Amino acid sequence: MAIDLPAPAGRRIALIAHDNKKQDMLEWAEYNLGLLAGHELFATATTGRIMQEELGLPVTCFRSGPFGGDQQIGARIAEGEIDLLVFFWDPLEPHPHDPDVKALLRVAVVCNIPVACNRATADFLISSPLMDRVHQPWDPAADPGQRGQAPAGSAAVARIAA
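Remember, it's a predicted structure, so these values are computed and weren't measured experimentally.

A. Seen up close, the pairing of strand 1 (residues 12-17). With five of its six residues buried, strand 1 lies for the most part within the structure. Relative to strand 2 (residues 40-43), strand 1 runs parallel, the two being bridged by four bridges. Note that in strand 2 the partner of Arg12 across the bridge is Glu40.

The following block contains the structure:
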């Protein structure tokens, strides 16, 4: 089915990196600086500050992840205001805000936005020819029955769809 919508001028990309992954994010962003410059960038506090100070990228910054930044970005995803999530999280370190991390990844999957959790995937996404095409993310609030019912006990999906 063809969709008659104009291609986006730029995507709204959220950047998040746990402490042990901030250098990876900086190196990835520097490598892809020309591509990132054509998009609207959002980030948690420290990650955004690093992108601004080290690379000169304009970034809208939210709070630090453990202080609600992950939740702020998750809310933007749920509202359809973030198109792509680049989240370099550290699976080998425990984090006090692990429930927030899981909730962020859940809402990104439920809302059908692309998610990159490592440099290889982020490279594939940022350089994809699909970045210049229209994408229709699924809005669970608009039509919760469209993709089937949430599994029993899935309160997070029920909250998003309510």
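Alright, that's what it looks like, and here's the rest.
B. Spatial organisation of the nonpolar core. Counting residues in hydrophobic clusters, the biggest one holds 22 residues, and the most contacted among them are Ile13, Leu15, Met25, Trp28, Leu36, Met51 and Val86. Secondary structure elements with two or more residues in this core: strand 1, helix 1 (22-31), strand 2, helix 3 (45-55), strand 4 (84-88) and helix 6 (119-126). A total of four residues in this core trace back to one element, the largest contributor, which is helix 1. Aside from chain neighbours lying at most four places away, what touches Val86 is Ile13, Ala14, Leu15, Ile16, Met25, Trp28, Ala116 and Ala122.

C. Molecular detail of helix 4 (residues 69-78). Within helix 4, the full set of buried residues consists of Gly69, Asp70, Ile73, Gly74 and Ile77. All buried residues of helix 4 fall inside an arc of 140° around its axis, so they share one side. Packing partners of the buried residues in helix 4 comprise strand 1, strand 2, strand 4 and helix 5 (98-110). Of the residues trailing helix 4, Gly80 is marked for its positive phi of about 80°.

D. Highlighting the environment of Lys22. Relative to the helices and strands, Lys22 resides in helix 1. A sequence separation of 25 residues divides Lys22 from Thr47, and the C-alpha atoms of the two residues are 6.7 Å apart. Residue contacts for Lys22: discarding those within four places in its chain leaves Ala17, Thr46, Thr47 and Ile50. Here Ala17 takes part through its backbone oxygen, which lies 2.3 Å from a polar atom of the side chain of Lys22. Of the polar contacts made by the side chain of Lys22, one reaches the side chain of Thr47; its length is 3.2 Å.

E. The packing of aromatic side chains, seen in detail. If you walk through the whole model with that rule in mind, you get two aromatic pairs. Ring centres 6.2 Å apart and planes at 70° place the aromatic pair Trp28 and Phe88 in the edge-to-face group. With Trp28 in helix 1 and Phe88 in strand 4, the pair connects residues that are 60 residues apart, well separated along the chain. In terms of burial, Trp28 and Phe88 fall into one category: buried. On the numbers, 6.2 Å between centres and 20° between planes, the contact of Phe42 with Phe62 is stacked. Taken as a pair, Phe42 in strand 2 and Phe62 in the loop between strand 3 (59-61) and helix 4 lie far apart in primary sequence, 20 residues in all.

F. Fine view of the pattern of salt bridges. In the structure shown here, the tally under the stated rule is six salt bridges. Here Arg119 makes a salt bridge to Asp24, at a shortest N to O gap of 3.8 Å. Taken together, the residues Arg119 in helix 6 and Asp24 in helix 1 connect sequence positions 95 residues apart. Given the relative accessible area of 26%, Asp24 is considered partly exposed. Across the pair Arg119 and Glu27 runs a salt bridge whose closest N-O atoms are separated by 2.9 Å. Of this pair, Arg119 sits in helix 6 while Glu27 sits in helix 1; the two residues are 92 residues apart in sequence, bridging distant segments of the chain.

Thresholds applied
- Residues numbered from 1 in each chain as written.
- Predicted model: local features only at pLDDT ≥ 70, side-chain atom pairs only at ≥ 80, totals over all residues.
- Heavy atoms only, no water.
- Buried < 20%, exposed > 50% of the residue type's maximum accessible area, 1.4 Å probe, protein only.
- Helix = DSSP H or I, 4+ residues; strand = E, 2+ residues; numbered from the N terminus.
- Pairing = 2+ DSSP bridges.
- Core = buried A, V, L, I, M, F, W, Y, C linked by side-chain atoms within 4.5 Å.
- Contact = heavy atoms within 4.5 Å.
- Arc of directions from axis to C-beta.
- Polar contact = N/O pair within 3.5 Å; in protein donor to acceptor, adjacent residues only side chain to side chain.
- Phe/Tyr/Trp six-rings, centres within 6.5 Å; stacked < 30°, edge-to-face > 60°.
- Salt bridge = Lys/Arg side-chain N within 4 Å of Asp/Glu carboxyl O.

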